[in-house]
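Secondary and tertiary structure notes
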Amino acid sequence: LATEKIKFERHSSQWKDLEGMLQKESEVLNMSIKEFEMQLNEKNRLVNEFEHQLSLLETQNAEIKTSRDETKKKARFAENKFKNDLARKESELANCLKTNEARITELQESLDQLMEDLASSQEENDDLKRNMEAVELEFKYARIEFEECRESTDA
């Protein structure tokens, strides 16, 4: 009986140590999940901001294209001076359009990268959640084994 009591006390001490380790691991995993969720929220905010900027630039491009078309129509009926002004304005609009198209391409690439990062962060978040569930399952099995050990010690 004394031997069984010593075994029980040793198992009980080991169980408490295991419980403490599992609690710490659970806290670390919870903190990691919260950090990944914060990063995910920030990336979502950035995606929304880039989409908004992209929309504004596309609207501006549509306005520029419309303006250029209207200017071309007027140029057919204008005098030489007006034609010279038109050529200058077309050049400016073309440069602006190129700049905006380059910016749209750049924003689209940034948006694509953010979407990839978002997917990667979501996968990491899912992995952490699965690890947390595995730790909780191991904890449950360890508790069952402990209870069985205690019952066999009590008996």
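Residues numbered from 1 in each chain as written. Predicted model: local features only at pLDDT ≥ 70, side-chain atom pairs only at ≥ 80, totals over all residues. Heavy atoms only, no water.

On to the overall build of the chain, then. Counting its secondary structure elements, the chain contains 2 helices and 0 strands. In terms of principal-axis extent, the alpha carbons of the chain reach across some 115 × 15 × 15 Å. Put simply, the chain has 155 residues, and 23% of those count as buried. For the chain, restricting intrachain contacts to residue pairs at least 6 apart in sequence, the fraction spanning at least 24 positions comes to 89%. Counting every atom, the chain has about 11500 Å² of accessible surface; 51% of that belongs to carbon and sulfur. Seen as two clouds, the 25 positive and the 37 negative side-chain charges of the chain have centres 9 Å apart. (Helix = DSSP H or I, 4+ residues; strand = E, 2+ residues; numbered from the N terminus. Buried < 20%, exposed > 50% of the residue type's maximum accessible area, 1.4 Å probe, protein only. Contact = heavy atoms within 4.5 Å. Areas by Shrake-Rupley, 256 points an atom, 1.4 Å probe, with all protein chains shown as cover. Lys, Arg positive; Asp, Glu negative; His and termini not counted. Charge placed at Lys NZ, Arg CZ, Asp CG, Glu CD.)

Turning next to the nonpolar core. If you look at the biggest cluster of nonpolar residues, it comprises 8 residues: Val47, Phe50, Leu54, Leu57, Ile104, Leu107, Leu111 and Leu114. Elements with a contribution of two residues or more to this core: helix 1 (2-75) and helix 2 (80-154). Not counting residues within four places of it along the chain, the set of residues in contact with Val47 comprises Leu111, Leu114 and Met115. (Core = buried A, V, L, I, M, F, W, Y, C linked by side-chain atoms within 4.5 Å.)

A grouping of Leu137, Tyr141 and Ile144 is seen on the molecular surface, where their side chains present a nonpolar patch of about 310 Å² in accessible area. Counting through the fold element by element, Ile144 comes out in helix 2. (Patch = residues over 30% accessible without salt bridge, like charges linked within 9 Å, V, L, I, M, F, W, Y side chains within 5 Å. Salt bridge = Lys/Arg side-chain N within 4 Å of Asp/Glu carboxyl O.)

For Leu22, the position within the fold is in helix 1. The exposure class assigned to Leu22 is buried, which follows from its relative accessible area of 14%. Placed 59 residues apart in sequence, Leu22 and Lys81 show a C-alpha to C-alpha distance of 82 Å. If sequence neighbours within four positions are ignored, Leu22 has contacts with Val135 and Phe139.

Opposite charge on two side chains lets them pair, provided their charged atoms get close. Across all of its chains, the model carries 9 salt bridges by this definition. The partner of Arg45 in a salt bridge is Glu42, and the shortest N-O contact between them spans 2.6 Å. Remark: Glu42 and Arg45 occur in helix 1; sequence separation between them is 3 residues, near one turn of the helix. For Arg45, a relative accessible area of 40% gives the class partly exposed. For Glu42, a relative accessible area of 36% corresponds to the partly exposed category. Glu49 serves as the salt-bridge partner of Arg45, at 3.0 Å between the closest nitrogen and oxygen. On the criterion of helical spacing, the pair formed by Arg45 and Glu49 is a turn pair, its members being 4 residues apart in helix 1. Several salt bridges converge on common partners, so that one network encompasses Lys81, Asp85, Arg88 and Glu92.

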